[in-house]
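Summary of the model geometry
Listed here are the chains, written in short residue letters.
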Amino acid sequence: MEVRIDAKFDTVWLTQQQIAELFGTKRPAITKHLTNIFKSGELNQNSVSSILEHTASDGKTYKTQFYNLDAILSVDYRVNSVNATRFRQWANTVLREYVLNGYSVNCHLVALQHLMLIWKNITDNIQ
């Protein structure tokens, strides 16, 4: 599957058809879920979608609606398929690692700052 990576905005872009392929479902299900996501106010359509040029297999360029990672993740939590479940499991593992590793780094920095304060108090008292 061709995936558009947007390093400027730290996201990826997929069409509804690509999202359907990723999660092992049909495009109408993706359309339904995106419609409900936008109706409920979970996401703002203008913030998570963009019309981009796409070169089709026939060599012609078409303007196509793409959706970013926020929309892809929101759709994933609504799709009931084996692929969507596997994607959620993968995403949860990555998120868990990020939270745990980020937290441990922050704990380390807090401990280091605390040690620096103690050191400053010791050196101030020596003088």
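Heads up: these notes are all about the structure in this document. The written sequence of each chain sets the order in which its residues are numbered from 1. Totals for whole chains, interfaces and linings use every residue, but because this is a predicted model, local features are given only for residues with pLDDT of at least 70 and side-chain atom pairs only at 80 or more, for both listing and counting. Only hydrogens and water are set aside when side-chain values are computed; all heavy atoms of the structure are taken into account.

**Remarks on the pattern of salt bridges**
- Every case where a carboxyl oxygen of Asp or Glu lies within 4 Å of a side-chain nitrogen of Lys or Arg is listed as a salt bridge. This structure, assessed with the given rule, holds 2 salt bridges.
- A salt bridge links Arg78 to Glu42, with the shortest nitrogen-to-oxygen separation between them at 2.6 Å. Placement of Arg78 in the loop between helix H4 (69–76) and helix H5 (82–126) and of Glu42 in the loop between helix H2 (27–40) and helix H3 (45–48) is noted, with a sequence separation of 36 residues between them.
- Take Arg78: its relative accessible area is 31%, and that puts it in the partly exposed class.
- Classification of residues uses two cut-offs on accessible area relative to the type maximum, computed with a 1.4 Å probe and protein chains only: under 20% is buried, over 50% is exposed, and between them is partly exposed. Judged by relative accessible area, Glu42 falls into the partly exposed class, the value being 40%. By definition, any uninterrupted DSSP run of H or I lasting at least four residues is a helix, any uninterrupted run of E lasting at least two residues is a strand, and each is numbered from the N terminus.

**A word on H2**
- In this model, H2 (14 residues) spans 20 Å end to end at C-alpha, consistent with the 20 Å of a helix rising 1.5 Å per residue.
- When we look at burial in H2, the residues that qualify are Ile30, His33, Leu34, Ile37 and Phe38. Taken end-on, H2 shows its buried residues confined to a sector of 130 degrees, consistent with a single buried face. When the buried face of H2 is taken as reference, the exposed residues oriented beyond 90 degrees from it are Pro28 and Lys39.
- Contacts: residue pairs with any heavy atoms within 4.5 Å of one another. Each element contacted by the buried residues of H2 is listed here: helix H1 (16–23), H3, strand S4 (61–68) and H4.
- A positive backbone phi angle near 85 degrees is found at Gly41, which sits one or two residues after H2. Multiply 1.5 Å by the residue count of a helix minus one, and that product is the helix's expected span. The arc in question is the one spanned by the directions pointing from the helix axis to the C-beta atoms.

This is a description of form; function is not addressed.
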